[in-house]
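Structural characterization, general
One-letter residues, chain by chain:
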Amino acid sequence: MKRTLLALVAFLWMLPAAHAGQSLGQWKVTRYYTPVEGQERYYNGWARNAGTCRVSNLYYAPYDGRRTGSYSAEACMQGSGDLFITADGTDLHNESPLSVAACPRRYLGRTLFVAEIGYVRCADVGGGVKGNHVDVWAGIGEEGYERIQTAPGGFLSVFLKEI
């Protein structure tokens, strides 16, 4: 009985990946969120200085559950323009968390299957997204902030969904 149950669990675990499309191998999977002004906490300790971003010591401090950061630091890190509009014009107000991602430019507009997360549409690009790296959007405000700390990440299997 135990062996049958383990075989069933292994089969179900592999099922989505088997139908996901072409394997792209193991990718670095990170998470990002869209901050809003007035949050109780922010992830980053970056600071805006004369139109450029600089790193404060807070960013390098080990996470102790008390990181505060600031809205301007988050906005600075995420680039210029409307933080809710992605490179392909997607309005993040209309998206579910963990459904869109920043990917290498060659995948913009395509859909990837990321193990432990599911299908994500490559709607954005990012300065730090190079090579085999996908940055999955975790949501807006405090909820997004919490989700970046609990959503799966690390090196995970990624598949390109067939068109």
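Okay, so let's go over this structure. (Residues numbered from 1 in each chain as written. Predicted model: local features only at pLDDT ≥ 70, side-chain atom pairs only at ≥ 80, totals over all residues. Heavy atoms only, no water.)

Brief notes about the overall build of the protein chain
- The helix and strand inventory of the protein chain stands at four helices and eight strands.
- In the protein chain, the succession of helices and strands from N to C terminus is α-β-β-β-α-α-β-β-β-β-α-β.
- Within the protein chain, buried positions represent 36% of all 163 residues.
- Of all intrachain contacts in the protein chain linking residues separated by at least 6 positions in sequence, the fraction that spans at least 24 positions is 71%. (Helix = DSSP H or I, 4+ residues; strand = E, 2+ residues; numbered from the N terminus. Buried < 20%, exposed > 50% of the residue type's maximum accessible area, 1.4 Å probe, protein only. Contact = heavy atoms within 4.5 Å.)

Thoughts on helix α4 (residues 141-150)
- For α4, every residue scored as buried is listed here: G141, G144, Y145 and I148. Relative to the axis of α4, the buried residues are bounded by an arc of 105° and lie together on one face. Facing away from the buried side of α4 by more than 90 degrees, the exposed set consists of E143 and T150.
- In this structure, the buried residues of α4 make contact with β1 (22-34) and β7 (133-140). (Arc of directions from axis to C-beta.)

With respect to the side chain of D124
- By the element assignment, D124 lies in strand β6 (residues 118-124).
- This buried residue, D124, is left without a salt bridge; R105 holds the nearest opposite charge, at 7.7 Å.
- One polar contact links the side chain of D124 to the main-chain amide nitrogen of A87, over a distance of 3.1 Å.
- When sequence neighbours within four positions are dropped, the list of residues in contact with D124 reads Y32, T86, A87, A101, A102, C103 and L108. (Lys, Arg positive; Asp, Glu negative; His and termini not counted. Salt bridge = Lys/Arg side-chain N within 4 Å of Asp/Glu carboxyl O. Polar contact = N/O pair within 3.5 Å; in protein donor to acceptor, adjacent residues only side chain to side chain.)

Focus: the pairing of β1
- In the sheet, β1 pairs with strand β8 (residues 154-160) via seven bridges, with the strands oriented antiparallel. Note that in β8 the partner of G25 across the bridge is V158.
- Examined bridge by bridge, β1 and β7 share six bridges and lie parallel to one another. Paired with Y32 across the two strands is W137, which belongs to β7. (Pairing = 2+ DSSP bridges.)

Thoughts on the environment of Q26
- In this fold, Q26 is placed in strand β1.
- The class for Q26 is partly exposed, based on a relative accessible area of 47%.
- Between the alpha carbons of Q26 and F155 there is a distance of 5.8 Å; along the sequence they are 129 residues apart.
- When neighbours within four sequence positions are excluded, Q26 is seen to be in contact with N132, F155, L156 and S157.
- A polar atom in the side chain of Q26 sits 2.7 Å from the side chain of S157.

Quick word on the pattern of salt bridges
- Enumeration over the complete set of coordinates arrives at four salt bridges.
- E146 is the partner of R41 in a salt bridge, and the nearest nitrogen-oxygen pair spans 2.1 Å. Of the two residues, R41 is situated in the loop between β1 and β2 (46-49) and E146 in helix α4; the sequence distance between them amounts to 105 residues.
- In this structure, the salt-bridge partner of R121 is E95, at a minimum N-O distance of 3.6 Å. Here the residue R121 occupies a position in strand β6, and E95 occupies one in the loop between α3 (71-78) and β4 (100-102), the gap between them amounting to 26 residues.
- A relative accessible area of 27% places E95 in the partly exposed class.

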